[in-house]
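Letter by letter, the chains look like this.
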Amino acid sequence: MVTRQTSWIPAIVAGIIATTISYAGPLVIVFQAAKGLEPALVASWIWAISIGSGVLGIVLSWRWRVPIVVAWSAPGSALLVTMLPQTDFATAVGAYIVANLAVLAVGLSGAFDRLIGMLPSAITAAMLAGILFRFVIDMVGAVPSAPLMVCAMIAAFFAGRVLAPRYAVVAVLVTGVALTMIEGGLTGAIGTPRLTLPVWTTPRFDWTVTASIALPLAVVALTGQFLPGMAVLRAAGYEKPDARPIISASAIGSILLAPFGCHGLNLAAFTAAICLGPDAHPDPAKRYVAGIAGGVAYLVYGAFAATVLALFAMLPATLVAACAGLALFPVVSVSLSTALRAERGRDGALVTFAVSTSGITLFGLGSAFWGLIFGLAVHVLQTIASRPAQAAAG
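Residues numbered from 1 in each chain as written. Predicted model: local features only at pLDDT ≥ 70, side-chain atom pairs only at ≥ 80, totals over all residues. Heavy atoms only, no water.

## A look at the pattern of salt bridges
No. 1: Counted by the stated rule, this structure contains two salt bridges.
No. 2: Salt-bridge contacts for Asp88 lead to Arg204; the nearest nitrogen and oxygen are separated by 2.4 Å. One end of the pair, Asp88, is in the loop between helix H5 (74-83) and helix H6 (89-109); the other, Arg204, is in the loop between helix H10 (168-182) and helix H11 (207-235), with 116 residues separating them in the sequence.
No. 3: Residue class for Asp88 comes out partly exposed when judged on its relative accessible area of 38%.
No. 4: Classification of Arg204 by relative accessible area gives partly exposed; the value is 45%.
No. 5: Between Asp138 and Arg134 there is a salt bridge whose closest N-O contact spans 3.5 Å. Within this pair, Asp138 and its partner Arg134 are both found in helix H8 (residues 121-141), separated by four residues, close to a single helical turn. (Salt bridge = Lys/Arg side-chain N within 4 Å of Asp/Glu carboxyl O. Helix = DSSP H or I, 4+ residues; strand = E, 2+ residues; numbered from the N terminus. Buried < 20%, exposed > 50% of the residue type's maximum accessible area, 1.4 Å probe, protein only.)

In structure tokens, the structure reads:
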């Protein structure tokens, strides 16, 4: 007979695994975005997104008795890879606040479903794919530098996608680290684990930076994170809560933690699936423990953010690039499929993808912003042009 205490163990393990996978994949993208920043700022950034994800996951899961997994925005991190090197960090923090104020307004208004319905899914998916596609390209570009390691990581990923999809990214990281250790490629030392102290950055506001970062950041959070996150919850049979409290709480947490480096917290989708199935607990009413356990794991990792930073700093750049590209590969695949699936709207989606991938900057505004604008312009133009033909046919 299984005791009550023992029955919680799978849920606790599921939560810890989901959080660990977040560090194995999406955190790598944060490190790429943070290149050039002082180590104290990077450690503070990791602390902020970890503590925020942990607190929100614990509170929301306990309040609603649903395994709600909160994480930082991986697409948002990817967007910042091209933006932060050209941007003063204080103005970037100001853009984070504006982006999350926009998300908060959507959350409080209850307009999430209506707003998502107004944006063509092909356009938003193409923008997301365009932002992330460069990581897949960088992964391929890393092959000549370390062919054995990168090819082994790629093989581990695609084999893992068939054998154990949830743990494919973990297999990639383990393979890469193991080969690096065998080849003696680890550099530096972790040192004694120590608690991390967050660093305050007073936000500054600049309209070009705000428009270039805040709008795409808000759009990818709503369409690339909250939308699939809510879909995963609903698919698992959880009809409550609705999107309003989750979006609002995540936005408030993001605003409060922005001066410490947090770019955005949102509902997890892919790692959340680990906590939502029968493997976490056969009783859906008890799976919320997985959300709480994952939140506690976030708090532990975040408390020692500087140590996590030192650990990743030991890894070679080719390993980090390969891991980031493979972690985002499924998202790019699904986004491209969504963008190009329907014939109507395909032109606008392709324009969005091409511009978002290009890395162009016009009037101080980045490629993700212009990809969204140009793609929507093509979509509207073709919609208007098709009306006479539709009227004649009718």
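Let us keep going from here.
## Notes on the layout of surface pockets
No. 1: Of the pockets and cavities examined, the second largest pocket occupies roughly 450 Å³.
No. 2: Together, 19 residues line the second largest pocket, and Phe31, Gln32, Ala34, Lys35 and Val320 are the ones closest to its centre.
No. 3: For the lining of the second largest pocket, the secondary-structure elements that each account for two or more residues are helix H3 (26-33), helix H4 (39-64), H8, helix H15 (305-313) and helix H16 (317-341).
No. 4: Residues that form the lining of the second largest pocket fall into these classes: 14 nonpolar, two polar and three charged. (1 Å grid on protein atoms, 1.4 Å probe; cavity = no way out; pocket = protein on both sides within 12 Å on 5 of 7 lines; lining within 4 Å. Points joined across faces, edges and corners; volume = space filled by probe spheres on them. Nonpolar A, V, L, I, M, F, W, Y, C, P; charged D, E, K, R; others polar.)

## With respect to the nonpolar core
No. 1: One finds Leu27, Trp45, Tyr96 and Phe226 to be the most contacted residues of the largest nonpolar core, which totals 119 residues.
No. 2: A per-element tally of this core places H11 first, with 12 residues.
No. 3: Trp45 has contacts with Val30, Ala33, Ala34, Leu37, Leu80, Leu84, Tyr96, Phe260, Gly261, Cys262 and His263, leaving out every residue within four places of it along the chain.
No. 4: With seven residues, the next largest nonpolar core counts Ala125, Ala129, Ala339 and Phe353 among its residues. (Core = buried A, V, L, I, M, F, W, Y, C linked by side-chain atoms within 4.5 Å. Contact = heavy atoms within 4.5 Å.)

## Side note on the packing of helix H9 (residues 147-163) against H10
No. 1: Contact geometry for H9 and H10: axes closest at 8 Å, N-to-C directions at 155°. Relative to H10, H9 is oriented roughly antiparallel. In the crossing of H9 with H10, the sense of the turn from one axis to the other is right-handed. Taken together, the residues of H10 that come into contact with H9 (itself represented by Leu148, Met149, Ala152, Met153, Ala156, Phe157, Gly160 and Arg161) are Ala168, Ala171, Val172, Thr175, Gly176, Leu179 and Thr180. (Axes fitted to C-alpha atoms, helices over the stretch in contact; angles between N-to-C directions. Parallel < 35°, antiparallel > 145°, perpendicular 65-115°, else oblique. Left-handed = near helix turned anticlockwise from the far one by under 90°.)

## A few points about the environment of Val69
No. 1: With respect to the helices and strands, the residue Val69 is situated in the loop between H4 and strand S1 (70-72).
No. 2: It is 37 Å that separates the C-alpha atoms of Val69 and Gly184, two residues lying 115 residues apart in sequence.
No. 3: Here Val69 is in contact with Asn266, Leu267, Ala268, Thr271, Ala272 and Cys275, once residues within four sequence places are set aside.

## Notes on the packing of aromatic side chains
No. 1: For the structure shown, the criterion picks out nine aromatic pairs.
No. 2: Note on Phe133 and Phe353: the rings are 5.4 Å apart at their centroids and 70° apart in plane angle, and the pair reads as edge-to-face. Here Phe133, found in helix H8, pairs with Phe353, found in helix H17 (residues 346-358); they are 220 residues apart in sequence, far enough to count as distant.
No. 3: Since its relative accessible area comes to 16%, Phe353 is described here as buried.
No. 4: One aromatic cluster is present, formed by Trp47, Trp200 and Phe260 through successive ring pairs.
No. 5: The ring of Trp64 has Arg63 sitting right over it, with the charged end atom 4.2 Å from the ring centre.
No. 6: The side chain of Arg65 reaches across the aromatic face of Trp62, ending 3.9 Å from its centre. (Phe/Tyr/Trp six-rings, centres within 6.5 Å; stacked < 30°, edge-to-face > 60°. Lys NZ or Arg CZ within 6 Å of the ring centre and 35° of its normal.)

## A look at empty space enclosed by the protein
No. 1: This structure, assessed with the given rule, holds three cavities of 30 Å³ or more.
No. 2: Roughly 80 Å³ of internal volume is contained in the largest cavity.
No. 3: Taken together, 14 residues form the lining of the largest cavity, with Asn100, Leu217, Ala221, Gly264 and Asn266 sitting closest to its centre.
No. 4: Those elements giving two or more residues to the lining of the largest cavity turn out to be H6, H11, helix H12 (243-257) and strand S2 (265-267).
No. 5: Among the elements that line the lining of the largest cavity, the one with the most residues is H11, at four residues.
No. 6: When grouped by side-chain class, the residues that make up the lining of the largest cavity number eight nonpolar, six polar and no charged.
No. 7: If you add up the space inside the second largest cavity, you get close to 40 Å³.
No. 8: Forming the walls of the second largest cavity are Gly15, Ala18, Thr19, Ser22, Val69, Thr271, Cys275, Ala290, Gly291, Gly294, Gly295 and Tyr298.
No. 9: When contributions to the lining of the second largest cavity are tallied by element, the ones reaching two or more residues are helix H2 (9-24) and helix H14 (288-303).
No. 10: Of the residues forming the lining of the second largest cavity, the biggest block, five residues, is contributed by H14.

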